[in-house]
Amino acid sequence: MHAGPAAIFNMNTKMNQWMRRARTVGAVAAMAFGVMAPAVQAAPDYDQIGKIFSGLIQGSHVSHALFTQDMYTKFFLNYIQMQDPQHLFLTQQDVDALYEQYGSTFGDYLVTGETTKLAEALYGVFQEKALNRIGQAEKMIQGMNGKLPAFDSDRSIPRTRRKLPRAKDDAELDQVWRDQVEDMLLSEVSRRENMAKLAAAKGKPDPNANEMGVHEKMLARLKRMRSDYAEVDREDMVSYLLNAVARVYDPHSDYMGAREEQRFKDMLKASIVGIGARLKADDDGSTTIEGIVKGGPAAKSGQLKLGDHIVAVSEDGENWTDIMFLSIDKVVDRIRGKAGQPISMRVQDADTGEAHVVTITRDVVPMSEEMASGKIVEMKAKDTAGAPATYKLGILTLPSFYMDLDANEVHCAADVKRILGRMIEEGVQGLVVDLRFNGGGSLEEVRKMVGLFTGAGPVVQVKDSRNNVERITVSGKPMFNGQVVVLTNKLSASASEIFAGAMADYGRALIAGDPTTFGKGTVQLPRDLAAFMPYFSRQEGCGLIKVTTQKFYRIGGASTQLKGVASDIVIPSVTQGFRIGEGEQDYVLPYDEIPSAGGYVKSDRIARILPALQEKSRARMKQEKDLQYYQEDADRANKRYEENSVSLNKQKRQDENNTLLERKKAIDAERKVRYEKMAKQDEKDLVIYRLNLEDVEAEKLPLATKEDKDKFMDMADDPEDELVETPDFPSDIDPVLRESLHIVKDMIDIP
C-alpha cells in the first residue's frame, strides 16, 4: 500500500495545538472552539469496532507485530501508564491485582468481541480509585478550616513522577497525596504573593482582592478534576483502551472516536463549524469566553463579549444542560452541531453578573491563524563591499500542511504558491520558511510545496513493511529561485521534516533553529472504520484508525526517525530546553537508513559557503542578548529536569521565585532600553509589508502593524500579563526570526 494523497504525516494533534495556542489553568486545558461533530444519538457497536481494529493494527502496521502474551502485557501496562501517567491514583498493589485479572488476556477481549466489557471494567476500577483520591484531597483541604500549613519543612517532592516507581501501597500513596495537596496550596500562595508584589511595585491594586480564597480555589480545581473523571462515557472508555493498544505499536498510531475524528479533520483543513469563540475553563466552574473570532458568528451576533461566562446550553431554547465544572471538550460537545443550526447558551454577563440567554447560529469559521501567511521585509544594510544596499526578504509562515480531507477544497500548497507568486512579483531575493511549531499534515501538500523550490525530482522515499521502497516525486519547474532558510524547532515534525530534509538534500536551503526537529519519520494512513463494519450494523460514529503503515526517508537515504533534521546553524530559542521529541516517547520505532533515491542533483553552494555563514552568525549571536537569555533558560530547564525536585519549604520556594523575578525584572529593564533603540533603528532600516492570503491580489501591499497578530481574534486581557512588563519584539520580529533574516541576507551577499 503506497502513500497516496490521504497519507498523513502529523504528530499528536493535541500536543501540536496546545503548544501553539492553548493556555492551561491548573490541570484543565483552557482552549477550545465550538462546534465539533454532529451529535450521535445511538452508540456504535464498539465490540465489532474492537475486532476490526485488532485485525487492522496487526495486518496494516509497518511492524506486522501480532498479538502475543508479551504484547498483551505491554498493552496492559501502557493502558495503566496512559491513565495514570503521574502515578497518583494507582498503587503497585492495584496494578498487580489488575494484571492478575486482565493482563494475560487483554488482547483476547478485543478479538472475541468483548472490547466494551474490558474498557468499562478497567476504567471503572481506575475511576473509583481516582475519585476516592480526589475525595481524600478535598477532605484534607476542608479539614484545614481555612488555615494554611506552616510550609516550614525541609521536604521536597518530585516535579514529575512519570518515571518514578509507583507507591507500593495505599499508605505510601497517602503520603504522596498529602505532599501534593501541600504543594497545590503552597504554589497558589506563592503565586498570589508574587502578583501582589508586582502590583505594589507598579502602584496597581492587588489582583488577588476579588479572588476566591486559596482553599476554595483548590477545592474548585479538584471539583473540576472530579468532573473530568466522572463524566467519561463509553466512547471515551473505548478510545482509552484501543489507544493503549495502538501506541504500543508506535506513538503515532491511534484510534479516534467520532468526536476526536472531527477535531482531527478540522485541524487538517484549518477550519471549524462553530460559534467562533475560544473557551476557557474557569475556576468557578463556568466556561469563559476568552476570545471571539473577528467576523465569526459570535462577533456578528454581538450578543457575547469577552469574559462572559457560559453556564448552560440548549439545542431548542427549552431543554437546558448544565455545564458547570464540565471539561472544555465536553462543553464543546454540548455546543456542537451543523452550519445553519442555532445553539442557545445561558450566559452570565462579565460586567454585571446578570444571567441572560444568547442564541447564535453556527457557521463555518476559517482558522486564519492556522493558514499560510507572509511578510515582505525591505532591509537597508551594507553589502560585503560596505556599500549601502536594500534587500527584499520574505517571511513565509506555515503552521501546518493543511488540507480538507472531506471537501478537498483547502490546500496549503496552493495558498503558498499564491503568496510566493506575489513575493516574486515584488522582487523578493531571499526567503525564510518558518516551520516552527508545525506538527505536520498532508504528504500531498508537502510534495507539491517542495516542488515550488526544487522543480522536478524525488521529494521523499517511503518504505513499507515488506521493505518495498517508493520514491515520491514532483514534476514541473521551480517557482522560487532565491535564497532560502528553513526555520525549525523541536516541534517541527513529520511533514515539516520531509520538507526540511528535502530542501537540505537538494542543497536548496539552509536549515536553522533548534539543534534538531522532532524526529517523527513515520507515515500514518487514516481509515474510516465504518467501511469495515458488517452491512447491517450501525455505520455512524465508528471513528477512524490511524495506523503507521510506512516509514519515510530523505532522498539521501537517512531517516528522520528519532534523529530528526539537524540545523546547519543552531539558534538558541525558547523551545530548546523542552523535553519534547520522538525520543522522549514510549515504544518508538528505530532509526535506520536506505540507499539514496538518486535522480536529483544536489547543489554544493550552501555547503561551500556554510563556514562563512556560520562564522557571521556566531559573531552576531554573541552580541544578541535575547539569544543568550534563551540559552540560559534552556540550561536552567535542563538542570531542573535532572534534579526533578521542588521544595515544600515556603522560604526556599520564595527565595527561588524572588531570584527568578529579579532576573526577569532586570531582563525586562534591559530589553526596554535596547528595544527602544532597535525600534528607532528599524524605522530607518526596515519597511515591512503584510502578505496574507487576503492581500495577495491587492494593488499595493499594506504595511504590517502590531494589530495584525490580533487580526483573527479579539482576546480577553490577562490581569497577570498586565503586571509583567515584557516589551514586545521590535517590528514584531522575534530574535530567532531576526537572525534567520540576517542569514538570508548573508546568503545573498556571498557569491
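On a predicted model such as this, the values are computed, not experimentally measured, just so you know.

### Things to note about the overall build of the chain
Secondary structure summary: the chain contains 20 helices and 27 strands in total. Its C-alpha radius of gyration of 27 Å places the chain within 12% of the 27 Å reference for a compact globule of 751 residues. Reported as C-alpha extents along the three principal axes, the dimensions of the chain are approximately 75 × 70 × 55 Å. Buried residues in the chain amount to 55% of all 751 residues. Summarising the internal contacts of the chain: among those between residues at least 6 apart in sequence, 79% fall at separations of at least 24. For the chain, the exposed area adds up to about 31900 Å²; of that, 50% sits on carbon and sulfur atoms.

### Description of the pairing of strand 21 (residues 510–513)
Side-chain direction in a regular strand flips from residue to residue, so the side chains alternate between the two faces of the sheet. Neither face of strand 21 is left uncovered, since the one carrying Leu510 and Ala512 and the one carrying Ile511 and Gly513 both have all their residues buried. Here strand 20 (residues 483–488) runs beside strand 21; their pairing, made up of 4 bridges, is parallel. Paired with Val485 across the bridge in strand 21 is Leu510. Assessed by its sense of winding, the connection that carries the chain from strand 20 through helix 15 (residues 495–505) to strand 21 is right-handed. By the bridge criterion, 2 bridges tie strand 21 to strand 24 (residues 569–570) in an arrangement that is parallel. Counterpart to Gly513 in the pairing with strand 24 is Val570.

### Observations concerning helix 3 (residues 69–83)
With 15 residues, helix 3 should cover 21 Å at 1.5 Å per step; its first-to-last C-alpha distance of 21 Å lies within 8% of that length. Of the positions making up helix 3, those classed as buried are Met71, Tyr72, Phe75, Phe76, Asn78, Tyr79, Ile80, Gln81 and Gln83. At its buried positions, helix 3 is contacted by helix 4 (92–102), helix 5 (106–111), helix 6 (115–142) and helix 9 (234–249).

### Notes on the packing of helix 13 (residues 412–425) against helix 14 (residues 443–454)
In contact at an axis separation of 8 Å, helix 13 and helix 14 are set at 25 degrees when each is read in the N-to-C sense. Between helix 13 and helix 14, the angle falls in the class roughly parallel. Taken together, the residues of helix 14 that come into contact with helix 13 (itself represented by Cys412, Ala413, Ala414, Val416, Lys417 and Leu420) are Glu445, Lys448, Met449, Leu452 and Phe453. Each residue belonging to the contact of helix 13 with helix 14 can be placed in one class, and the counts come to 8 nonpolar, no polar and 3 charged.

### A look at the sheet that holds strand 26 (residues 686–690)
Here we have 7 strands laid out as an open sheet, ordered 24-21-20-16-15-14-26, and mixed in their pairing. With one partner strand each, in any of the chains shown, strand 24 and strand 26 form the two edges of the open sheet. Across the face of the sheet, helix 15 comes into contact with strand 16 (430–434), strand 20 and strand 21 while running at roughly 145 degrees to strand 20. Sheet strands in contact with helix 18 (residues 650–685) are strand 14 (373–382) and strand 26, and its direction is about 80 degrees off that of strand 26.

### Observations concerning the packing of aromatic side chains
Counted under the stated rule, the structure contains 18 aromatic pairs. Centre to centre, the rings of Phe67 and Tyr72 are 6.1 Å apart; their planes meet at 80 degrees, and the pair counts as edge-to-face. When the centroid spacing of 6.1 Å and the interplanar angle of 55 degrees are considered together, the rings of Tyr102 and Tyr109 count as tilted. Neither residue differs from the other here; Tyr102 and Tyr109 are each classed as buried.

### Comments concerning the pairing of strand 12 (residues 355–361)
Here strand 11 (residues 342–348) runs beside strand 12; their pairing, made up of 7 bridges, is antiparallel. Among the inter-strand pairings, Ser344 is bridged to a residue of strand 12, identified as Thr359. What sits between the antiparallel neighbours strand 11 and strand 12 is a turn of 6 residues, in which Gly353 has the positive phi angle 80 degrees.

### Structural notes on the pattern of salt bridges
It is possible for side chains bearing opposite charge to pair when their charged atoms get close. Under the counting rule described, the total for this entry stands at 58 salt bridges. The shortest N-O distance in the salt bridge between Glu642 and Arg579 comes to 3.1 Å. Taken as a pair, Glu642 in helix 17 (residues 625–643) and Arg579 in the loop between strand 24 and helix 16 (605–623) lie far apart in primary sequence, 63 residues in all. Overall, Glu642 belongs to the exposed group, its relative accessible area being 57%. Asp695 is paired through a salt bridge with Arg690; the nearest N and O atoms lie 2.8 Å apart.

### Observations concerning the side chain of Arg192
Secondary-structure assignment places Arg192 in helix 7 (residues 170–201). Look past the residues within four positions of Arg192 in its chain and what remains in contact with it is Asn208, Glu211, Met212, Gly213, Val214 and Lys217.

### Some remarks on the confidence of the model for the chain
For the chain, the average pLDDT comes to 89, and 92% of its residues sit at 70 or higher. The low-confidence segment residues 1–6 (pLDDT under 50) makes 17 contacts with residues lying over four places distant or belonging to another chain. The model gives residues 11–41 a pLDDT under 50, and that stretch makes 108 contacts with residues more than four places away or in other chains.

### Quick notes on the nonpolar core
In terms of nonpolar packing, the biggest core is built from 61 residues, with Phe53, Phe75, Phe106 and Leu122 touching the most fellow members. Of all the elements, helix 6 adds the most residues to this core, at 10 residues. Aside from chain neighbours lying at most four places away, what touches Leu122 is Phe76, Tyr79, Leu98, Tyr102, Phe106 and Leu241. Within the second largest apolar cluster, 47 residues are counted, among which are Ile376, Cys412, Ile472 and Ala502.

### Concerning unusual backbone geometry
If you check the backbone angles, His64 has positive phi at about 55 degrees while not being a glycine. As for its position among the elements, His64 is in the loop between helix 2 (46–60) and helix 3. The partly exposed category is assigned to His64, whose relative accessible area is 31%. Its identity as a non-glycine residue notwithstanding, Asn467 has a phi of 65 degrees, on the positive side. Structurally, Asn467 can be placed in the loop between strand 18 (457–463) and strand 19 (469–474). Note on Asn467: relative accessible area 53%, which makes it exposed.

### With respect to the packing of helix 6 against helix 9
In contact at an axis separation of 9 Å, helix 6 and helix 9 are set at 95 degrees when each is read in the N-to-C sense. Between helix 6 and helix 9, the crossing angle belongs to the class labelled roughly perpendicular. Packed against helix 6, whose contacting residues are Thr115, Thr116, Leu118, Ala119, Glu120, Leu122 and Tyr123, the element helix 9 presents Arg234, Met237, Val238, Tyr240, Leu241 and Leu242 at the interface. Among the residues making up the contact of helix 6 with helix 9, the classes are represented as 9 nonpolar, 2 polar and 2 charged.

### Overview of the environment of Leu544
Here Leu544 shows up in strand 23 (residues 544–553). Given the relative accessible area of 4%, Leu544 is considered buried. Setting aside residues no more than four positions away along its own chain, Leu544 makes contact with Asp254, Tyr255, Met256, Glu261, Phe264, Pro526, Arg527, Asp528 and Leu529.

What counts, and at which threshold
- Residues numbered from 1 in each chain as written.
- Predicted model: local features only at pLDDT ≥ 70, side-chain atom pairs only at ≥ 80, totals over all residues.
- Heavy atoms only, no water.
- Helix = DSSP H or I, 4+ residues; strand = E, 2+ residues; numbered from the N terminus.
- Rg over C-alpha atoms; globule rule 2.2 N^0.38 Å.
- Buried < 20%, exposed > 50% of the residue type's maximum accessible area, 1.4 Å probe, protein only.
- Contact = heavy atoms within 4.5 Å.
- Areas by Shrake-Rupley, 256 points an atom, 1.4 Å probe, with all protein chains shown as cover.
- Pairing = 2+ DSSP bridges.
- Right-handed = clockwise from strand over helix to strand, strands pointing away.
- Expected span 1.5 Å × (residues − 1).
- Axes fitted to C-alpha atoms, helices over the stretch in contact; angles between N-to-C directions.
- Parallel < 35°, antiparallel > 145°, perpendicular 65-115°, else oblique.
- Nonpolar A, V, L, I, M, F, W, Y, C, P; charged D, E, K, R; others polar.
- Phe/Tyr/Trp six-rings, centres within 6.5 Å; stacked < 30°, edge-to-face > 60°.
- Salt bridge = Lys/Arg side-chain N within 4 Å of Asp/Glu carboxyl O.
- pLDDT = per-residue confidence, 0-100.
- Core = buried A, V, L, I, M, F, W, Y, C linked by side-chain atoms within 4.5 Å.

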